[in-house]
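# Secondary and tertiary structure notes
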Amino acid sequence: MNDDTIWRWDRAWDVLPELLEGLRITVLATVVGMVIASILGLVIALAMRAPSRWVTAPLRLVSDFIRMTPLPVQLVFIWLLLPSVPSLVIGCTVLGVHYSTYMSEVYRAGIEAVPRGQWEAATALNLPRSRTWRDVVLPQAIRKTLPGLGNYAISMFKETPFLFVISVVEMFTKAQEYGARTFSYIEPLTMVGLLFLLVSYPTSLLVRRMETRLA
């Protein structure tokens, strides 16, 4: 049997430092993308409650377009459109904007889940609309959305390998580069899978526990 097809621990340990550097980029892209998605998603959800269809109709059209087109296509399109912008910046931004369209729906569901009595109580107390949203509605809505946002954070983390299409050297790309140099792909790709599991599985348990506590 060809020795290059057999698992070797020396190759696994050899590639590990490169994969950990790639993991740093992967986590960075996920965290920055999550911040963008969380903020922009909330803005979209609030804007979609505007009374004017001149606001909601175009916003819904754009959101649906972003949500229904493949992430790699969006990455390459923006990368070609803005060649002077660093690839990692484009990757984080596109990830954030893409997932903001999903998170806006989570926020919308959370806002609609706030009991009607809370709105009526705020009205009865003659609270300003801004304070009603800030002190009454949003704290309850965001609390209900945390598990959903956490699940999308995990999904975003698992989709960071798509960043290779715009030359971002994240964990998967590091594994490919090592395999191209050594003609050994089993160890680096297996290690990538294990590292994804080591990060995403505990996070999924945390999200599940949060969902149980907030139910």
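Residues numbered from 1 in each chain as written. Predicted model: local features only at pLDDT ≥ 70, side-chain atom pairs only at ≥ 80, totals over all residues. Heavy atoms only, no water.

## Points about the packing of aromatic side chains
The description of an aromatic ring pair rests on the distance of the ring centres and on the angle between the ring planes. A complete count under the given rule lists 7 aromatic pairs for this structure. Between tryptophan 7 and tryptophan 9, the ring centres sit 5.4 Å apart and the planes meet at 80°, which makes this aromatic pair edge-to-face. Centre to centre, the rings of phenylalanine 164 and phenylalanine 172 are 6.2 Å apart; their planes meet at 65°, and the pair counts as edge-to-face. For phenylalanine 164, a relative accessible area of 38% translates into the label partly exposed. Ring-pair connections join several aromatic residues into one group, and the members of that group are Trp7, Trp9 and Trp13. (Phe/Tyr/Trp six-rings, centres within 6.5 Å; stacked < 30°, edge-to-face > 60°. Buried < 20%, exposed > 50% of the residue type's maximum accessible area, 1.4 Å probe, protein only.)

## Observations concerning the nonpolar core
Counting 28 residues, the largest nonpolar core has Leu75, Leu95, Met103, Tyr107, Leu149 and Leu163 as its most contacted members. Of all the secondary structure elements, the ones that give two or more residues to this core are helix H1 (9–47), helix H3 (71–81), helix H4 (87–112) and helix H6 (129–159). Here this core gets 9 residues from one element, more than from any other, and that element is H4. (Core = buried A, V, L, I, M, F, W, Y, C linked by side-chain atoms within 4.5 Å. Helix = DSSP H or I, 4+ residues; strand = E, 2+ residues; numbered from the N terminus.)

## A look at the confidence of the model for the protein chain
Detailed reading of the predicted coordinates is not advisable wherever pLDDT falls low. Here the protein chain averages 89 in pLDDT, and 97% of its residues register 70 or above. Taken element by element, the protein chain is modelled with least confidence in helix H5 (residues 116–124), mean pLDDT 79, and with most confidence in H3, mean pLDDT 96. (pLDDT = per-residue confidence, 0-100.)

## A short note on unusual backbone geometry
Backbone geometry places serine 167, a non-glycine residue, at a positive phi of 70°. Relative to the elements of secondary structure, serine 167 occurs in the loop between H6 and helix H7 (171–182). Non-glycine residue phenylalanine 183 carries a positive phi angle of around 60°. In this fold, phenylalanine 183 is placed in the loop between H7 and helix H8 (186–214). Take phenylalanine 183: its relative accessible area is 63%, and that puts it in the exposed class.

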